[in-house]
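Architecture at a glance
Below, each chain spelled out in residue letters.
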Amino acid sequence: MTRGLEHALDEYLVLLAQGGSREAAERLVARWSPKLLAFAGRTLGAVEPARDAVQDTWESALRGLARLDDPARFAPWLYAIAARKCTDALRAKYRDKRIGDAVAERCETIAPATDDARIDLVAALKQLPVEQRVAVSLFFGEDMSVADIAAITGVPAGTVKSRLFAARQTLRKHFGEAK
């Protein structure tokens with residue numbers, strides 16, 4: 001199925017779900033959950049919190065689906081909810097930690113990779129601030145445009161570009177690349 005047909009199918013399912021079709025809502029969940037789980041997994045760095053974030057995303061999305069004015073914007077709308085849920089999960093994770101624990105953990109994850117060390121992208125992504133991690137996950141992992149990421153995160157496109165640039169710089173340093 002081409003991307004255009006998939007997009008049309010999603011629009012159709014959204015319209016049916018907005019009209020009260022439980023089957024259409026279930027098909028949307030089945031179609032989009034793997035994509036959301038991959039996004040949340042990259043953002044949160046762990047499977048269980050990602051599953052929880054996806055479940056929270058669907059709870060919010062299905063409650064608010066009737067308020068979605070343009071079914072063609074379903075994907076950015078859904079990813080916006082998922083990004084907020086992932087951000088909330090990350091904030092909750094770190095909210096109660098003591099500063100000393102956070103510093104010790106950061107020192108362990110930022111330790112420069114040696115030549116014989118296996119490149120660990122997960123550890124590299126974990127060192128990024130939440131906003132940069134979300135932008136990187138959407139841009140590289142979900143192949144979304146800067147404009148879509150801006151709509152999802154609620155910031156200007158220039159801010160998205162800045163976050164992606166800063167994330168690239170941090171990742172280059174982590175992997176020992178010059179400029």
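Residues numbered from 1 in each chain as written. Predicted model: local features only at pLDDT ≥ 70, side-chain atom pairs only at ≥ 80, totals over all residues. Heavy atoms only, no water.

Moving on: the overall build of the protein chain. Across its full length, the protein chain carries nine helices and zero strands. Starting at the N terminus and walking to the C terminus, you meet the elements of the protein chain as α-α-α-α-α-α-α-α-α. For the protein chain, with 179 residues in total, the buried portion stands at 35%. Across the protein chain, the fraction of contacts at a sequence separation of at least 24, relative to all contacts at a separation of at least 6, is 61%. (Helix = DSSP H or I, 4+ residues; strand = E, 2+ residues; numbered from the N terminus. Buried < 20%, exposed > 50% of the residue type's maximum accessible area, 1.4 Å probe, protein only. Contact = heavy atoms within 4.5 Å.)

As a further point, take helix H9 (residues 157–174). Between the first and last C-alpha of H9 there are 26 Å, a value that for 18 residues agrees with the 26 Å anticipated at 1.5 Å per step. Listed in full, the buried residues belonging to H9 are Val-160, Leu-164, Ala-167, Leu-171 and His-174. Along the axis of H9, the buried residues cluster in a sector spanning 85 degrees; they form a single face. Those residues of H9 that are exposed and aimed more than 90 degrees away from the buried face are Lys-161 and Lys-173. Note on H9: the residue one or two positions beyond its end, Gly-176, has a positive phi of about 75 degrees. (Expected span 1.5 Å × (residues − 1). Arc of directions from axis to C-beta.)

The next point concerns the confidence of the model for the protein chain. Summing up the model confidence of the protein chain, the mean pLDDT is 83 and the portion of residues at 70 or higher is 82%. Of the regions scoring below 50 in pLDDT, residues 96–104 engages in one contact with residues more than four places distant in sequence or in other chains. Below pLDDT 50 for its whole length, residues 110–118 participates in two contacts with residues either more than four positions away or in separate chains. (pLDDT = per-residue confidence, 0-100.)

With that out of the way, let us pick up unusual backbone geometry. The phi dihedral of Asp-143 is positive, around 55 degrees, even though this residue is not glycine. Following the sequence through the fold, Asp-143 ends up in the loop between helix H7 (130–141) and helix H8 (146–153).

Turning next to the packing of H7 against H9. Viewed as axis vectors pointing N to C, H7 and H9 meet at an angle of 95 degrees, and their least axial separation amounts to 9 Å. With respect to H9, the axis of H7 lies roughly perpendicular. Along the contact surface, H7 presents Glu-131, Gln-132, Ala-135, Val-136, Phe-139 and Phe-140, while H9 presents Arg-163, Leu-164, Ala-166, Ala-167, Arg-168 and Thr-170. When its residues are assigned to classes, the contact of H7 with H9 shows seven nonpolar, two polar and three charged. (Axes fitted to C-alpha atoms, helices over the stretch in contact; angles between N-to-C directions. Parallel < 35°, antiparallel > 145°, perpendicular 65-115°, else oblique. Nonpolar A, V, L, I, M, F, W, Y, C, P; charged D, E, K, R; others polar.)

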